[in-house]
Amino acid sequence: MFNFLIQGAILPVSFVLGIGDFTKDLIPGLQVSSQVVALIALSLVVIIAIMSVELGAWVTIAVVIVQSSVLIAVVVAAFVNPHQAFMDITFNPTMLKDGVLVPVTLGVMITTLAPAFNVINGYDAVLGFSEEMKGGSKGSYEYSN
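In this text the structure is predicted, and so the values were computed from the model without any measurement.

Every regular strand shows the same layout, with side chains that alternate between the two sheet faces. Examined bridge by bridge, strand S1 (residues 94–97) and strand S2 (residues 100–103) share 4 bridges and lie antiparallel to one another. Opposite methionine 95, over in S2, you have valine 102 as the bridge partner. With antiparallel pairing between neighbouring strands as the criterion, S1 and S2 make up a hairpin whose turn holds 2 residues, including aspartate 98 at a positive phi of roughly 55°.

The structure is reproduced here in structure tokens:
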């Protein structure tokens, strides 16, 4: 239950704060602060969530289509116009710092683990929340061999 509480309260906020920052980078002329953009995004998410499960499913489908399109575009661009060898990217990762590529440090690698696990766990959390929407608690399961 504590895990669901954390996922339900903290993860959406961290995601919309990221949306605020990315939107400001995507639209540099936007005269609204990142926090206001995050609040608007969170409000839209709440409206979608309380409307109906069906609306949420359609929004999810639209987002998956956009994500798939972006993923395909990035993969195609990487294969069509490579700038680094595959082995260099895999075993000698670099990052952009002050306009210069520098080696990725262990500290940077460690700090990226938590967001990566949250992204992976997000899909699992949706299934957990959806199980609790109808009927009684499904907290105990019995498996037979």
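Here we take up a nonpolar patch on the surface. Together, Val32, Val36, Ile40, Leu44, Val46, Ile47, Ile50, Met51 and Leu55 make up a nonpolar patch on the protein surface, roughly 790 Å² of accessible area in all. In terms of residues, the nonpolar patch owes the most to one element, helix H2 (residues 34–51), which gives 7 residues.

In this section: H2. Side chains of residues three or four places apart in an α-helix project in the same direction, reflecting 3.6 residues per turn. Helix length check: H2 (18 residues) gives 26 Å between terminal C-alpha atoms against 26 Å at 1.5 Å per residue, within 8%. Ser34, Val37, Ala38 and Ala41 are the residues of H2 that are buried. Looking straight down H2, one finds that the buried residues subtend no more than 100° of arc, so they occupy a single side. For H2, the exposed residues lying more than 90 degrees away from the buried face are Gln35, Leu39, Ile50 and Met51.

When pLDDT is averaged along the protein, the result is 79; 79% of the residues meet or exceed 70. Predicted confidence in the protein is weakest over helix H6 (residues 113–131), with a mean pLDDT of 65, and strongest over S2, with 90.

Next up on the list: the side chain of serine 34. Topologically, serine 34 is positioned in helix H2. The exposure class assigned to serine 34 is buried, which follows from its relative accessible area of 16%. In this structure the side chain of serine 34 is engaged in a polar contact, spanning 3.2 Å, whose partner is the side chain of aspartate 21. Filtering out sequence-adjacent residues up to four positions away, serine 34 remains in contact with Gly20, Asp21 and Lys24.

All right, on to the environment of alanine 38 then. By the element assignment, alanine 38 lies in helix H2. Each C-alpha atom of the pair alanine 38 and valine 13 lies 8.2 Å from the other, and the pair is 25 residues apart in sequence. Aside from chain neighbours lying at most four places away, what touches alanine 38 is Val16, Leu17 and Gly20.

The rules behind each value
Residues numbered from 1 in each chain as written. Predicted model: local features only at pLDDT ≥ 70, side-chain atom pairs only at ≥ 80, totals over all residues. Heavy atoms only, no water. Pairing = 2+ DSSP bridges. Helix = DSSP H or I, 4+ residues; strand = E, 2+ residues; numbered from the N terminus. Patch = residues over 30% accessible without salt bridge, like charges linked within 9 Å, V, L, I, M, F, W, Y side chains within 5 Å. Areas by Shrake-Rupley, 256 points an atom, 1.4 Å probe, with all protein chains shown as cover. Salt bridge = Lys/Arg side-chain N within 4 Å of Asp/Glu carboxyl O. Expected span 1.5 Å × (residues − 1). Buried < 20%, exposed > 50% of the residue type's maximum accessible area, 1.4 Å probe, protein only. Arc of directions from axis to C-beta. pLDDT = per-residue confidence, 0-100. Polar contact = N/O pair within 3.5 Å; in protein donor to acceptor, adjacent residues only side chain to side chain. Contact = heavy atoms within 4.5 Å.

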